[in-house]
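Remarks on the overall topology
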Amino acid sequence: MTAPLGVAVIGAGRMGADHVRRIQEVVSGARVTAVVDVDADRAEAVAAPVDGCTAHTDPAAAMAVADVDAVLIASPGPAHEEALLAAFAHDLPVLCEKPLTPDPASALRVLEAEQALGRRRVQVGFMRRYDPEYTRLRAVLETGRLGRPLMLHNRHRNVASASFFTSSMLISDSVAHEADVTRWLFGHEITAVTVLRPTPSSAAPEGLLDPQFVVFETAGGALSDVEIFVNCQFGYEVQAEAVCERGTARIGAGHGLLTSTEGRWGGAIPQDWTERFADAYDRQLQAWVDATRRGEVTGPSTWDGYAAAAVCAAGVRALHEGRRVEVELAERPALYG
Ligand code: ISE
(Lines give C-alpha, C1' and ligand atoms only; values in the text may rest on other atoms or scores of the structure.)
Protein backbone atom coordinates (compact mmCIF):
# COMPACT_ATOMS: atom_id res chain seq x y z
CA MET A 1 0.00 0.00 0.00
CA THR A 2 1.47 3.39 -0.96
CA ALA A 3 -1.42 5.77 -0.19
CA PRO A 4 -1.94 6.67 3.49
CA LEU A 5 -4.19 4.28 5.38
CA GLY A 6 -7.70 5.79 5.69
CA VAL A 7 -8.88 5.25 9.26
CA ALA A 8 -12.41 5.46 10.65
CA VAL A 9 -12.23 6.38 14.34
CA ILE A 10 -15.24 5.11 16.27
CA GLY A 11 -15.90 7.05 19.47
CA ALA A 12 -15.02 10.73 19.67
CA GLY A 13 -14.65 10.95 23.44
CA ARG A 14 -11.39 11.50 25.29
CA MET A 15 -9.49 8.51 23.85
CA GLY A 16 -11.01 8.74 20.37
CA ALA A 17 -10.24 12.45 20.01
CA ASP A 18 -6.70 11.81 21.24
CA HIS A 19 -6.25 9.06 18.63
CA VAL A 20 -7.53 11.41 15.89
CA ARG A 21 -4.88 13.94 16.95
CA ARG A 22 -2.24 11.21 17.05
CA ILE A 23 -3.08 9.95 13.54
CA GLN A 24 -3.09 13.47 12.12
CA GLU A 25 -0.03 14.83 13.93
CA VAL A 26 2.23 12.04 15.14
CA VAL A 27 1.85 8.86 13.13
CA SER A 28 3.05 8.54 9.54
CA GLY A 29 1.26 6.64 6.78
CA ALA A 30 -2.32 7.23 7.93
CA ARG A 31 -5.08 9.84 7.90
CA VAL A 32 -8.50 10.02 9.53
CA THR A 33 -11.23 9.68 6.91
CA ALA A 34 -14.29 9.20 9.15
CA VAL A 35 -15.26 9.90 12.76
CA VAL A 36 -18.20 8.21 14.48
CA ASP A 37 -19.97 9.05 17.71
CA VAL A 38 -23.49 8.46 19.04
CA ASP A 39 -23.49 12.21 19.65
CA ALA A 40 -23.63 13.75 16.15
CA ASP A 41 -22.34 17.14 17.35
CA ARG A 42 -19.33 15.57 18.99
CA ALA A 43 -18.54 13.53 15.87
CA GLU A 44 -18.82 16.67 13.77
CA ALA A 45 -16.63 18.72 16.14
CA VAL A 46 -13.81 16.14 15.98
CA ALA A 47 -14.16 15.51 12.21
CA ALA A 48 -14.49 19.14 11.08
CA PRO A 49 -10.84 20.24 11.45
CA VAL A 50 -9.61 17.17 9.50
CA ASP A 51 -9.45 17.63 5.71
CA GLY A 52 -11.87 15.36 3.84
CA CYS A 53 -13.09 13.63 7.02
CA THR A 54 -16.79 12.71 7.30
CA ALA A 55 -18.84 12.54 10.54
CA HIS A 56 -21.28 9.71 11.34
CA THR A 57 -23.41 8.33 14.16
CA ASP A 58 -23.48 4.74 12.83
CA PRO A 59 -20.21 2.73 12.73
CA ALA A 60 -21.39 0.53 9.84
CA ALA A 61 -22.21 3.62 7.74
CA ALA A 62 -18.69 4.96 8.30
CA MET A 63 -17.15 1.63 7.34
CA ALA A 64 -18.99 1.77 4.01
CA VAL A 65 -17.24 5.05 3.09
CA ALA A 66 -14.94 4.49 0.10
CA ASP A 67 -11.71 5.82 1.61
CA VAL A 68 -11.98 3.86 4.88
CA ASP A 69 -9.31 1.11 4.89
CA ALA A 70 -9.17 0.36 8.62
CA VAL A 71 -11.05 0.98 11.87
CA LEU A 72 -9.94 2.27 15.26
CA ILE A 73 -12.50 1.51 17.97
CA ALA A 74 -12.39 3.87 20.95
CA SER A 75 -16.05 3.86 21.96
CA PRO A 76 -17.18 2.57 25.40
CA GLY A 77 -16.57 -1.19 25.91
CA PRO A 78 -20.23 -2.29 25.61
CA ALA A 79 -20.32 -0.89 22.02
CA HIS A 80 -17.23 -2.83 20.88
CA GLU A 81 -18.81 -6.15 19.90
CA GLU A 82 -21.19 -4.59 17.37
CA ALA A 83 -18.43 -2.42 15.88
CA LEU A 84 -16.01 -5.37 15.66
CA LEU A 85 -18.56 -7.57 13.91
CA ALA A 86 -19.36 -4.73 11.48
CA ALA A 87 -15.63 -4.36 10.72
CA PHE A 88 -15.41 -8.11 10.05
CA ALA A 89 -18.42 -7.84 7.71
CA HIS A 90 -16.63 -5.06 5.81
CA ASP A 91 -13.35 -7.04 5.88
CA LEU A 92 -11.51 -4.18 7.60
CA PRO A 93 -8.54 -4.47 9.99
CA VAL A 94 -9.14 -3.09 13.49
CA LEU A 95 -7.28 -1.52 16.39
CA CYS A 96 -9.66 -1.94 19.34
CA GLU A 97 -9.10 -0.06 22.60
CA LYS A 98 -9.25 -2.25 25.71
CA PRO A 99 -11.44 -3.91 26.80
CA LEU A 100 -12.01 -6.02 23.67
CA THR A 101 -15.53 -6.42 25.09
CA PRO A 102 -16.73 -6.09 28.71
CA ASP A 103 -17.27 -9.81 29.45
CA PRO A 104 -15.87 -13.22 28.41
CA ALA A 105 -19.10 -14.38 26.67
CA SER A 106 -19.12 -11.47 24.22
CA ALA A 107 -15.32 -11.69 23.79
CA LEU A 108 -15.73 -15.36 22.89
CA ARG A 109 -18.33 -14.44 20.24
CA VAL A 110 -15.84 -12.01 18.69
CA LEU A 111 -13.11 -14.66 18.87
CA GLU A 112 -15.35 -17.13 17.05
CA ALA A 113 -16.32 -14.57 14.41
CA GLU A 114 -12.66 -13.78 13.72
CA GLN A 115 -11.84 -17.47 13.47
CA ALA A 116 -14.63 -17.86 10.92
CA LEU A 117 -12.73 -15.31 8.78
CA GLY A 118 -9.74 -17.66 8.93
CA ARG A 119 -7.22 -14.92 9.74
CA ARG A 120 -6.50 -12.34 12.41
CA ARG A 121 -8.10 -8.93 11.89
CA VAL A 122 -7.81 -7.33 15.35
CA GLN A 123 -5.06 -5.74 17.41
CA VAL A 124 -6.24 -5.02 20.98
CA GLY A 125 -5.08 -1.75 22.56
CA PHE A 126 -3.05 -3.08 25.46
CA MET A 127 -0.63 -0.21 24.98
CA ARG A 128 1.70 -1.12 27.84
CA ARG A 129 3.23 -3.73 25.52
CA TYR A 130 4.61 -0.77 23.52
CA ASP A 131 5.95 1.16 26.53
CA PRO A 132 9.76 1.30 26.34
CA GLU A 133 10.13 0.31 30.02
CA TYR A 134 7.82 -2.71 29.76
CA THR A 135 9.48 -3.88 26.52
CA ARG A 136 12.89 -3.66 28.22
CA LEU A 137 11.60 -5.60 31.23
CA ARG A 138 10.30 -8.34 28.95
CA ALA A 139 13.57 -8.42 27.02
CA VAL A 140 15.56 -8.85 30.27
CA LEU A 141 13.31 -11.68 31.44
CA GLU A 142 13.61 -13.38 28.06
CA THR A 143 17.42 -13.48 28.22
CA GLY A 144 17.10 -15.78 31.26
CA ARG A 145 19.98 -13.86 32.92
CA LEU A 146 17.95 -13.35 36.12
CA GLY A 147 16.71 -16.93 36.20
CA ARG A 148 13.09 -18.05 36.26
CA PRO A 149 10.56 -15.36 37.28
CA LEU A 150 8.94 -16.20 40.61
CA MET A 151 6.78 -13.16 41.30
CA LEU A 152 5.69 -9.87 39.79
CA HIS A 153 4.75 -7.01 42.14
CA ASN A 154 2.61 -4.37 40.43
CA ARG A 155 1.47 -0.99 41.68
CA HIS A 156 -1.23 0.85 39.73
CA ARG A 157 -2.34 4.22 41.07
CA ASN A 158 -4.66 6.85 39.63
CA VAL A 159 -5.13 10.36 41.06
CA ALA A 160 -8.94 10.09 41.26
CA SER A 161 -11.58 7.77 39.85
CA ALA A 162 -14.27 8.90 37.41
CA SER A 163 -17.74 9.50 38.91
CA PHE A 164 -19.11 6.33 37.24
CA PHE A 165 -16.35 4.06 38.62
CA THR A 166 -17.57 1.02 40.58
CA SER A 167 -15.63 -1.37 42.83
CA SER A 168 -15.75 -3.99 40.05
CA MET A 169 -14.20 -1.50 37.61
CA LEU A 170 -11.00 -1.36 39.67
CA ILE A 171 -10.57 -4.89 38.33
CA SER A 172 -12.25 -4.80 34.91
CA ASP A 173 -11.11 -1.35 33.81
CA SER A 174 -7.78 -0.90 35.63
CA VAL A 175 -6.31 -4.28 36.66
CA ALA A 176 -7.15 -5.53 33.14
CA HIS A 177 -3.78 -4.02 32.19
CA GLU A 178 -1.90 -6.09 34.78
CA ALA A 179 -3.82 -9.20 33.65
CA ASP A 180 -2.40 -8.59 30.18
CA VAL A 181 1.17 -7.69 31.20
CA THR A 182 1.35 -10.66 33.56
CA ARG A 183 0.39 -13.07 30.73
CA TRP A 184 2.71 -11.26 28.31
CA LEU A 185 5.74 -11.09 30.62
CA PHE A 186 5.45 -14.62 31.98
CA GLY A 187 4.13 -16.31 28.83
CA HIS A 188 1.58 -18.25 30.89
CA GLU A 189 -2.16 -17.97 31.37
CA ILE A 190 -3.58 -16.75 34.69
CA THR A 191 -5.39 -19.62 36.38
CA ALA A 192 -6.92 -18.12 39.55
CA VAL A 193 -7.57 -14.75 41.19
CA THR A 194 -7.88 -13.67 44.84
CA VAL A 195 -8.82 -10.12 45.85
CA LEU A 196 -8.24 -8.63 49.32
CA ARG A 197 -10.05 -5.49 50.43
CA PRO A 198 -8.32 -3.17 52.90
CA THR A 199 -10.44 -0.53 54.65
CA PRO A 200 -11.16 1.99 51.87
CA SER A 201 -9.30 5.27 51.75
CA SER A 202 -11.28 8.17 53.20
CA ALA A 203 -10.67 9.88 49.83
CA ALA A 204 -12.57 7.16 47.97
CA PRO A 205 -16.16 8.04 46.96
CA GLU A 206 -18.80 6.55 49.30
CA GLY A 207 -19.13 2.78 48.75
CA LEU A 208 -16.08 2.40 46.47
CA LEU A 209 -13.73 -0.39 47.58
CA ASP A 210 -10.48 1.45 46.94
CA PRO A 211 -7.70 0.32 47.22
CA GLN A 212 -7.75 -3.43 46.48
CA PHE A 213 -5.00 -6.04 46.53
CA VAL A 214 -5.21 -8.63 43.77
CA VAL A 215 -3.24 -11.87 43.46
CA PHE A 216 -2.98 -13.78 40.18
CA GLU A 217 -1.79 -17.39 40.08
CA THR A 218 -0.32 -18.43 36.74
CA ALA A 219 -0.07 -21.75 34.92
CA GLY A 220 3.74 -21.54 35.19
CA GLY A 221 3.57 -21.38 39.00
CA ALA A 222 4.65 -17.71 39.30
CA LEU A 223 2.49 -15.22 41.23
CA SER A 224 1.62 -11.67 40.24
CA ASP A 225 0.15 -9.23 42.75
CA VAL A 226 -1.41 -5.84 42.08
CA GLU A 227 -2.03 -2.92 44.38
CA ILE A 228 -4.80 -1.01 42.62
CA PHE A 229 -5.52 2.38 44.15
CA VAL A 230 -7.59 4.74 42.00
CA ASN A 231 -7.96 7.68 44.41
CA CYS A 232 -4.38 8.04 45.60
CA GLN A 233 -4.65 11.83 45.09
CA PHE A 234 -1.00 12.52 44.29
CA GLY A 235 -0.29 11.23 40.79
CA TYR A 236 -0.48 8.48 38.18
CA GLU A 237 1.94 5.67 38.96
CA VAL A 238 2.43 2.31 37.30
CA GLN A 239 5.31 0.23 38.63
CA ALA A 240 6.36 -3.39 38.33
CA GLU A 241 9.12 -5.47 39.87
CA ALA A 242 9.85 -8.97 38.60
CA VAL A 243 11.50 -11.15 41.24
CA CYS A 244 13.52 -13.94 39.64
CA GLU A 245 15.74 -16.71 41.00
CA ARG A 246 18.94 -14.66 40.66
CA GLY A 247 17.81 -11.05 40.72
CA THR A 248 15.03 -8.56 40.22
CA ALA A 249 14.07 -6.10 37.48
CA ARG A 250 12.06 -2.97 38.23
CA ILE A 251 10.30 -0.37 36.09
CA GLY A 252 8.15 2.70 36.67
CA ALA A 253 10.30 4.64 39.12
CA GLY A 254 9.47 7.66 36.99
CA HIS A 255 12.96 9.12 37.13
CA GLY A 256 12.59 11.69 34.40
CA LEU A 257 14.01 15.12 35.05
CA LEU A 258 15.25 15.54 38.62
CA THR A 259 16.00 18.99 39.99
CA SER A 260 18.06 19.86 43.06
CA THR A 261 17.42 23.24 44.57
CA GLU A 262 16.91 24.96 47.91
CA GLY A 263 18.04 21.93 49.88
CA ARG A 264 15.70 19.46 48.16
CA TRP A 265 15.72 17.22 45.10
CA GLY A 266 12.74 15.97 43.13
CA GLY A 267 10.78 15.56 39.94
CA ALA A 268 7.20 15.58 38.67
CA ILE A 269 4.70 12.70 38.74
CA PRO A 270 2.45 12.32 35.66
CA GLN A 271 -1.23 12.93 36.39
CA ASP A 272 -2.86 10.41 34.07
CA TRP A 273 -2.25 7.57 31.63
CA THR A 274 -2.32 9.70 28.49
CA GLU A 275 0.76 11.48 29.90
CA ARG A 276 2.55 8.45 31.42
CA PHE A 277 1.94 6.24 28.39
CA ALA A 278 2.06 8.91 25.64
CA ASP A 279 5.02 7.18 23.99
CA ALA A 280 3.38 3.78 24.24
CA TYR A 281 0.20 5.07 22.56
CA ASP A 282 2.26 6.60 19.74
CA ARG A 283 4.28 3.42 19.19
CA GLN A 284 1.20 1.21 19.37
CA LEU A 285 -0.59 3.21 16.69
CA GLN A 286 2.46 3.44 14.43
CA ALA A 287 3.00 -0.33 14.73
CA TRP A 288 -0.65 -0.96 13.81
CA VAL A 289 -0.53 1.40 10.81
CA ASP A 290 2.75 -0.11 9.57
CA ALA A 291 1.56 -3.71 9.97
CA THR A 292 -1.81 -2.93 8.36
CA ARG A 293 -0.12 -1.31 5.35
CA ARG A 294 2.01 -4.45 4.98
CA GLY A 295 -1.19 -6.52 5.08
CA GLU A 296 -0.29 -8.02 8.48
CA VAL A 297 -1.88 -8.10 11.94
CA THR A 298 0.50 -7.97 14.91
CA GLY A 299 0.35 -7.07 18.62
CA PRO A 300 -2.12 -8.20 21.29
CA SER A 301 -4.73 -10.46 19.71
CA THR A 302 -8.41 -11.18 20.15
CA TRP A 303 -7.28 -14.16 22.24
CA ASP A 304 -5.38 -11.78 24.54
CA GLY A 305 -8.51 -9.60 24.81
CA TYR A 306 -10.65 -12.63 25.61
CA ALA A 307 -8.16 -13.99 28.18
CA ALA A 308 -8.04 -10.61 29.96
CA ALA A 309 -11.86 -10.54 30.05
CA ALA A 310 -11.92 -14.05 31.55
CA VAL A 311 -9.35 -13.09 34.21
CA CYS A 312 -11.29 -9.90 35.06
CA ALA A 313 -14.57 -11.83 35.35
CA ALA A 314 -12.90 -14.19 37.84
CA GLY A 315 -11.42 -11.16 39.64
CA VAL A 316 -14.79 -9.44 39.98
CA ARG A 317 -16.29 -12.63 41.43
CA ALA A 318 -13.32 -13.01 43.79
CA LEU A 319 -13.85 -9.41 44.96
CA HIS A 320 -17.54 -9.83 45.69
CA GLU A 321 -17.50 -13.41 46.98
CA GLY A 322 -14.37 -12.92 49.12
CA ARG A 323 -12.70 -16.13 47.91
CA ARG A 324 -10.18 -17.47 45.40
CA VAL A 325 -11.84 -17.92 41.99
CA GLU A 326 -10.45 -20.05 39.16
CA VAL A 327 -10.33 -18.54 35.66
CA GLU A 328 -12.54 -20.29 33.12
CA LEU A 329 -10.82 -20.24 29.76
CA ALA A 330 -11.87 -21.83 26.46
CA GLU A 331 -9.35 -23.87 24.46
CA ARG A 332 -6.87 -21.60 22.67
CA PRO A 333 -7.63 -21.79 18.92
CA ALA A 334 -4.79 -22.60 16.50
CA LEU A 335 -5.18 -19.18 14.84
CA TYR A 336 -3.63 -17.57 17.94
CA GLY A 337 -0.46 -19.64 18.03
C1 ISE B 1 -8.30 3.47 32.36
O2 ISE B 1 -9.39 2.98 31.61
C3 ISE B 1 -7.01 2.98 31.77
O4 ISE B 1 -6.97 2.20 30.85
C5 ISE B 1 -5.81 3.42 32.50
O6 ISE B 1 -4.63 2.95 31.90
C7 ISE B 1 -5.88 2.92 33.94
O8 ISE B 1 -4.78 3.38 34.66
C9 ISE B 1 -7.16 3.41 34.60
O10 ISE B 1 -7.23 2.90 35.91
C11 ISE B 1 -8.38 2.96 33.80
O12 ISE B 1 -9.55 3.47 34.40
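Note that the structure is predicted; figures quoted are calculated from it, not measured.

1. Thoughts on the overall build of the protein chain
Assigned secondary structure in the protein chain consists of 10 helices and 15 strands. Taking 2.2 N^0.38 as the reference for a compact globule, 337 residues should give roughly 20 Å; the C-alpha atoms of the protein chain span a radius of gyration of 20 Å, in line with that estimate. For the C-alpha atoms alone, the extent of the protein chain along its principal axes is close to 55 × 55 × 45 Å. Taking all 337 residues of the protein chain together, the buried fraction comes to 51%. In the protein chain, the share of contacts with a sequence separation of at least 24, taken over all contacts with a separation of at least 6, comes to 71%. Total accessible area on the protein chain is roughly 15000 Å²; 52% of this is exposed by carbon and sulfur atoms.

2. Topic: the pairing of strand β5 (residues 94-97)
Burial of β5 is two-sided: the residues Val-94 and Cys-96 facing one way and the residues Leu-95 and Glu-97 facing the other way are all buried. By the bridge criterion, 3 bridges tie strand β4 (residues 70-73) to β5 in an arrangement that is parallel. Across the sheet, the residue bridging to Val-71 is Val-94, located in β5. With helix α4 (residues 80-89) bridging β4 and its parallel neighbour β5, the resulting β-α-β unit is right-handed. Crossover connection from β5 via helix α5 (residues 104-117) to parallel strand β6 (residues 122-125): handedness right-handed.

3. Here we look at the environment of Val-38
Tracing the backbone shows Val-38 in the loop between β2 (30-36) and α2 (40-47). On the accessibility criterion, Val-38 (77% relative accessible area) is exposed. Distance from Val-38 to Glu-331, taken between C-alpha atoms, is 36 Å for residues 293 residues apart in sequence.

4. Remarks on the packing of α4 against α5
Between α4 and α5, the shortest axis-to-axis distance is 10 Å and the interhelical angle comes to 5°. By the criterion of interaxial angle, the relationship of α4 to α5 is roughly parallel. Here Glu-81, Leu-84, Leu-85 and Phe-88 of α4 lie close against α5, whose contacting residues are Ser-106, Arg-109, Val-110, Ala-113, Glu-114 and Leu-117. Grouping the amino acids of the contact of α4 with α5 by side-chain chemistry returns 6 nonpolar, 1 polar and 3 charged.

5. A look at the sheet that holds strand β9 (residues 212-218)
Sheets are built from strands that pair by backbone hydrogen bonding, the pairs being arranged parallel or antiparallel. An order of β12-β11-β7-β10-β9-β8-β15 is seen for the 7 strands of this open sheet, with the pairing classed as mixed. Edge positions in the sheet fall to β12 (248-251) and β15 (325-326), since each of these pairs with one other strand and no more. Bridging between strand β8 (residues 190-196) and β15 involves 2 bridges; their strand directions are antiparallel. Its bridge partner being in β15, Ala-192 is matched across the sheet by Glu-326. Against the sheet, helix α6 (residues 132-143) engages β7 (149-157), β11 (237-244) and β12, with an angle of about 5° to β11. On top of the sheet, helix α10 (residues 302-321) reaches β8, β9 and β15; it is set at about 30° to β8, its chief contact.

6. Re the site of the ligand
The ligand sits among Lys-98, His-156, Asn-158, Phe-165, Asp-173, Ser-174, His-177, Tyr-236 and Trp-273. At 2.7 Å from an oxygen atom of the ligand is found a side-chain nitrogen or oxygen belonging to Tyr-236. Out of a free accessible area of 300 Å², the ligand has 91% covered by protein chains. The greatest single-element share of the shell around the ligand, amounting to 3 residues, is contributed by helix α7 (residues 167-186). Class assignment of the residues belonging to the shell around the ligand gives a composition of 3 nonpolar, 4 polar and 2 charged.

7. Things to note about the sheet that holds strand β1 (residues 5-10)
Spatially, the 6 strands line up as an open sheet ordered β3-β2-β1-β4-β5-β6, and their pairing is parallel. The open sheet is flanked by β3 (54-56) and β6, the only strands paired with a single partner. Averaged over all neighbouring strand pairs, the angle between strand axes comes to 25°, with direction disregarded. Against the sheet, α4 makes contact with β1, β4, β5 and β6, and its axis sits at roughly 175° relative to β5, the strand it touches most.

8. Re the domain arrangement of the protein chain
When its domains are assigned, the protein chain resolves into domain 1 (5-128 + 279-307) and domain 2 (145-272 + 310-336). A C-alpha centroid distance of 26 Å is found between domain 1 and domain 2. Between domain 1 and domain 2 lies a buried interface of about 1900 Å² when both sides are counted; carbon and sulfur atoms form 60% of it. Viewed at the interface, domain 2 and domain 1 are joined by 4 salt bridges.

About the thresholds
Residues numbered from 1 in each chain as written. Predicted model: local features only at pLDDT ≥ 70, side-chain atom pairs only at ≥ 80, totals over all residues. Heavy atoms only, no water. Helix = DSSP H or I, 4+ residues; strand = E, 2+ residues; numbered from the N terminus. Rg over C-alpha atoms; globule rule 2.2 N^0.38 Å. Buried < 20%, exposed > 50% of the residue type's maximum accessible area, 1.4 Å probe, protein only. Contact = heavy atoms within 4.5 Å. Areas by Shrake-Rupley, 256 points an atom, 1.4 Å probe, with all protein chains shown as cover. Pairing = 2+ DSSP bridges. Right-handed = clockwise from strand over helix to strand, strands pointing away. Axes fitted to C-alpha atoms, helices over the stretch in contact; angles between N-to-C directions. Parallel < 35°, antiparallel > 145°, perpendicular 65-115°, else oblique. Nonpolar A, V, L, I, M, F, W, Y, C, P; charged D, E, K, R; others polar. Near = heavy atom within 4 Å. Polar contact = N/O pair within 3.5 Å; in protein donor to acceptor, adjacent residues only side chain to side chain. Domains from an automatic or database assignment. Buried area = accessible area lost by both parts, 1.4 Å probe. Salt bridge = Lys/Arg side-chain N within 4 Å of Asp/Glu carboxyl O.

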